[in-house]
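Residue-level listing of the chains:
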Amino acid sequence: MNMASVNITEADPVAVRPRAHVTAEEVSKVFTRPDTGESFHALGPVSFELRQGEFFSVVGPSGCGKSTLLDLVAGLSAPTDGRIHFEGNEVKGQVPEGVAVVFQEDASFPWLNVFDNAAFGARRNGLPEVEIKERVDHALAFMGLSDFAKSYPAQLSGGMRQRVCIARAMVLRPRLMLLDEPFGALDQQTRLLMGEELLKLWRATDSTVMLITHSIDEAVLLSDRIGTMSARPGHFIDILETGWRRDRGSETAMDPKYGALQSRIWGMLRNESLKALGVGA
Ligand SMILES: Nc1ncnc2c1ncn2[C@@H]1O[C@H](COP(=O)(O)OP(=O)(O)OP(=O)(O)O)[C@@H](O)[C@H]1O
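Residues numbered from 1 in each chain as written. Predicted model: local features only at pLDDT ≥ 70, side-chain atom pairs only at ≥ 80, totals over all residues.

Draft legend 1. Quick look at the overall build of the protein chain. Tallying secondary structure elements over the protein chain gives seven helices and eleven strands in all. Computed over the C-alpha atoms, the radius of gyration of the protein chain is 19 Å, within 12% of the 19 Å expected from 2.2 N^0.38 for a compact globule of 281 residues. Taking the principal axes of its C-alpha atoms as reference, the protein chain extends roughly 55 × 55 × 40 Å. Buried positions account for 40% of the 281 residues belonging to the protein chain. Taking the intrachain contacts of the protein chain between residues at least 6 apart in sequence as the baseline, contacts between residues at least 24 apart amount to 70%. (Helix = DSSP H or I, 4+ residues; strand = E, 2+ residues; numbered from the N terminus. Rg over C-alpha atoms; globule rule 2.2 N^0.38 Å. Buried ≥ 20, exposed ≤ 12 C-beta atoms within 10 Å, placed from the backbone. Contact = placed C-beta atoms within 7 Å.)

Draft legend 2. Region of interest: the site of the ligand. Neighbouring the ligand are the residues Phe-31, Phe-40, Ala-42, Gly-60, Ser-62, Gly-63, Cys-64, Gly-65, Lys-66, Ser-67, Thr-68 and Arg-232. In terms of residue count, helix 1 (residues 66-74) provides more of the shell around the ligand than any other element does, three residues in total. (Near = placed C-beta within 6 Å.)

Draft legend 3. Up close: the packing of helix 2 (residues 114-124) against helix 3 (residues 129-142). It is at 10 Å that the axes of helix 2 and helix 3 come closest, and there the two elements cross at 125 degrees. In terms of their interaxial angle, helix 2 and helix 3 are classed as oblique. For helix 2 against helix 3, the interelement crossing comes out right-handed. On the side of helix 2, the interface is formed by Val-114, Phe-115, Ala-118, Ala-119, Ala-122 and Arg-123, while helix 3 contributes Ile-132, Arg-135, Val-136, Ala-139 and Leu-140. Across the contact of helix 2 with helix 3, the residue classes break down as nine nonpolar, no polar and two charged. (Axes fitted to C-alpha atoms, helices over the stretch in contact; angles between N-to-C directions. Parallel < 35°, antiparallel > 145°, perpendicular 65-115°, else oblique. Left-handed = near helix turned anticlockwise from the far one by under 90°. Nonpolar A, V, L, I, M, F, W, Y, C, P; charged D, E, K, R; others polar.)

Draft legend 4. Quick look at unusual backbone geometry. The omega angle of the peptide bond from Gly-44 to Pro-45 is 10 degrees, so this bond is cis rather than trans. In this fold, Pro-45 is placed in strand 3 (residues 39-51). Looking along the chain, the bond that leaves Arg-232 and enters Pro-233 is cis, with omega of -5 degrees. Take Pro-233: it is sitting in the loop between strand 10 (225-229) and strand 11 (236-241). Its identity as a non-glycine residue notwithstanding, Arg-173 has a phi of 50 degrees, on the positive side. Here Arg-173 is to be found in the loop between helix 4 (158-171) and strand 8 (176-180). Backbone geometry places Asp-206, a non-glycine residue, at a positive phi of 65 degrees. Following the sequence through the fold, Asp-206 ends up in the loop between helix 5 (188-205) and strand 9 (208-212).

Draft legend 5. A look at the nonpolar core. Core analysis: the biggest nonpolar cluster contains 69 residues, and Val-73, Ala-118, Ala-167, Val-171, Leu-178 and Met-210 have the highest contact counts within it. Counting residues per element, this core draws most heavily on helix 4, which supplies seven residues. The residues that make up this core include at least three from each of domain 1 (3-96 + 196-277) and domain 2 (99-173). Ignoring sequence-local partners within four residues, the contact set of Val-171 consists of Ala-118, Ala-119, Gly-121, Ala-122, Arg-135, Val-136 and Ala-139. (Core = buried A, V, L, I, M, F, W, Y, C linked by C-beta atoms within 7 Å. Domains from an automatic or database assignment.)

Right under this line is the structure:
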């Protein structure tokens, strides 16, 4: 199939529509280096929206500010300029109720068993123990971990430990899930399977998902929209709609549009990565 004939819809990165779940307006982050006191412009200004219930992935060259952006949306850090809103309320200073974050590094607590790891956030939020048990049992069953409820992280594989972290987020019944390269430390097969689990979870919960990933394949397979960022200080240079059905699976890789989306994103990412490496496109 001729790639040029494949229709890829371009989305407007700045328009704020009524069904926006998260909006970021002209957001930037400047860090002050503690050693030298120098300012370091890490991100933006960047404007975008996350639509209610969509699966949105972010790709971009190394160091462009992807994790910084996710931290800002999560309320883990405050923007230097601009504003972020979640469900109409400005995000500042703390993770809003209804938001869960999953990081790349194994964030399971080695001294807690799988059940207690999954229950951790819900207990901290003061949910009644009966409800916690019901939610944790459901999350562990969903993640295929029911038989390991009494196991400790050291007895699990890396993929299982990451499933525990996703189960912990799931127990919070988040309306927005923010995932920072959650499968980056896993082997390719486990990574693919975890992507499928994440899609199932997204469908089952109706939550909005923002996924930071280094994998173009992962972004194209999983997402409704894919935002490609420029070299640092990052902003979105392109936001694409994949047009996949909600009940998609690995068969999307066979769709002729799959290759077109991959090549388009790689073309942009290559240029930006060369800029980031300082070698020019
Ligand atoms: N707390 C901080 N203080 C100073 N600089 C920081 C801080 N956090 C991040 N940076 C810098 O900001 C830039 C963006 O970092 P960030 O981790 O957001 O990039 P990234 O796109 O997620 O990178 P990667 O793809 O390599 O994980 C980097 O140059 C990083 O060194």
